[in-house]
Amino acid sequence: MDAPFEVLGVDPDADESEIDRAYRRRVMETHPDQGGSARAFQRVKAAYEAIMEGRLHDGDGDGDGDRREPSRPEGSRVEYLNYAVIEDHGWSLDDDDLFEKAAAADLDPTDYGEFLAEPSETLLQAAENRGFAWPYACRGGACANCAVAVVEGEMTVPIDHVLSTEMLERGIQLSCIGAPTTAELKVVYNVKQMPDLDDLILPPYRFERTQSVD
């Protein structure tokens with residue numbers, strides 16, 4: 001296997017922001033949903049994980065990658081709310097009674113409701129498997145298109161993501177790689193519209209694919 005830095009196309013002394021940008025670019029180039037191959041995509045993910053794990057062990061990381069796979073419940077009841085609805089109704093993500101307001105508002109099932117996530121599913125997979133079309137782009141933790149705000153409950157936090165510690169502390173998670181770890185989970189999806197996530201949005205149409213790694 002090629003050296004992780006070679007797979008991402010960065011120098012070994014690259015700083016974390018350079019590595020994150022390279023990871024985002026390579027994920028968009030190699031993901032099967034974007035015309036790449038599963039083999040190339042997995043090599044990119046493995047390379048990024050190897051680099052970040054090495055830096056965490058060297059004391060250069062912030063420790064977020066230590067929380068990888070807590071025990072999973074048999075299934076998680078996920079109550080969801082569309083961020084766009086919050087804005088439309090003049091509500092706030094910080095409202096203590098946000099989900100009570102949503103339950104009383106007679107919203108469309110695409111905007112508010114609940115479903116059961118199986119232990120083997122990421123949150124995005126669970127939503128898609130129940131017929132919902134939640135936003136995403138890379139499916140590799142390299143952008144914030146699939147981001148959700150966790151209001152109640154917990155999710156896994158894999159190492160292969162580009163969210164900052166501040167975002168994680170605010171409850172922002174990536175549904176494409178994160179999965180529920182509690183029996184009950186309340187999330188606001190479609191939070192990619194939040195201003196703080198602008199720099200992590202990767203609309204596919206803005207990117208030209210280059211030759212992927214085989």
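Residues numbered from 1 in each chain as written. Predicted model: local features only at pLDDT ≥ 70, side-chain atom pairs only at ≥ 80, totals over all residues. Heavy atoms only, no water.

Undergrad: Give a description of empty space enclosed by the protein that names residues and reports values.
TA: This structure, assessed with the given rule, holds one cavity of 30 Å³ or more. The space that makes up the largest cavity amounts to roughly 40 Å³. Thr156, Val157, Pro158, His161, Leu163, Leu168, Gln173, Leu174, Ile177 and Gly178 together form the lining of the largest cavity. Among the residues forming the lining of the largest cavity, the class breakdown is six nonpolar, four polar and no charged. (1 Å grid on protein atoms, 1.4 Å probe; cavity = no way out; pocket = protein on both sides within 12 Å on 5 of 7 lines; lining within 4 Å. Points joined across faces, edges and corners; volume = space filled by probe spheres on them. Nonpolar A, V, L, I, M, F, W, Y, C, P; charged D, E, K, R; others polar.)

Undergrad: Got a sec to walk through unusual backbone geometry? Specific residues and values, please.
TA: Of note in this structure, Arg139 is not a glycine but carries a positive phi near 60 degrees. Along the chain, Arg139 falls in the loop between helix H6 (123-129) and strand E3 (147-152). Although it is not a glycine, Asn190 adopts a positive phi angle of roughly 70 degrees. Inspection of the secondary structure puts Asn190 in the segment after strand E5 (184-189). (Helix = DSSP H or I, 4+ residues; strand = E, 2+ residues; numbered from the N terminus.)

Undergrad: For the pattern of salt bridges, give the residues involved together with the corresponding values.
TA: Counting across every chain of the model gives 12 salt bridges. A salt bridge links Glu79 to Arg77; the shortest N-O distance between them is 3.9 Å. The salt bridge partner of Asp97 is Lys101, with a shortest N-O separation of 3.7 Å. The network of salt bridges with shared partners includes Arg77, Glu79, Glu114 and Glu184. (Salt bridge = Lys/Arg side-chain N within 4 Å of Asp/Glu carboxyl O.)

Undergrad: Could you give me a rundown of the side chain of His161, with the residues and numbers involved?
TA: If you trace the backbone, His161 turns up in the loop between E3 and helix H7 (165-169). A polar contact is formed between the side chain of His161 and the backbone nitrogen of Leu163, at a distance of 3.1 Å. (Polar contact = N/O pair within 3.5 Å; in protein donor to acceptor, adjacent residues only side chain to side chain.)

Undergrad: Could you give an account of the nonpolar core, naming the residues involved and the relevant values?
TA: What tends to happen in soluble globular proteins is that the nonpolar side chains get buried as a cluster. If you look at the biggest cluster of nonpolar residues, it comprises 66 residues, and the most contacted ones within it are Leu8, Leu81, Phe115, Leu123, Trp134, Val187 and Val188. Contact partners of Leu123, with chain neighbours within four places excluded, come to Val78, Phe115, Trp134, Val148, Met155, Ser175, Gly178, Ala179, Pro180, Leu185 and Val187. (Core = buried A, V, L, I, M, F, W, Y, C linked by side-chain atoms within 4.5 Å. Buried < 20%, exposed > 50% of the residue type's maximum accessible area, 1.4 Å probe, protein only. Contact = heavy atoms within 4.5 Å.)

Undergrad: So, the state of the cysteines: which residues are in play, and what are the values?
TA: Formally, a disulfide is one covalent bond, and it connects the sulfur atom of one cysteine to the sulfur atom of another. Enumeration over the complete set of coordinates arrives at zero disulfides. The thiol sulfur of Cys146 is not disulfide-bonded, and the nearest other cysteine sulfur, from Cys176, lies at 3.7 Å. Judged by relative accessible area, Cys146 falls into the buried class, the value being 4%. (Disulfide = S-S within 2.5 Å.)

Interpretation in functional terms is not warranted from these geometric data alone.
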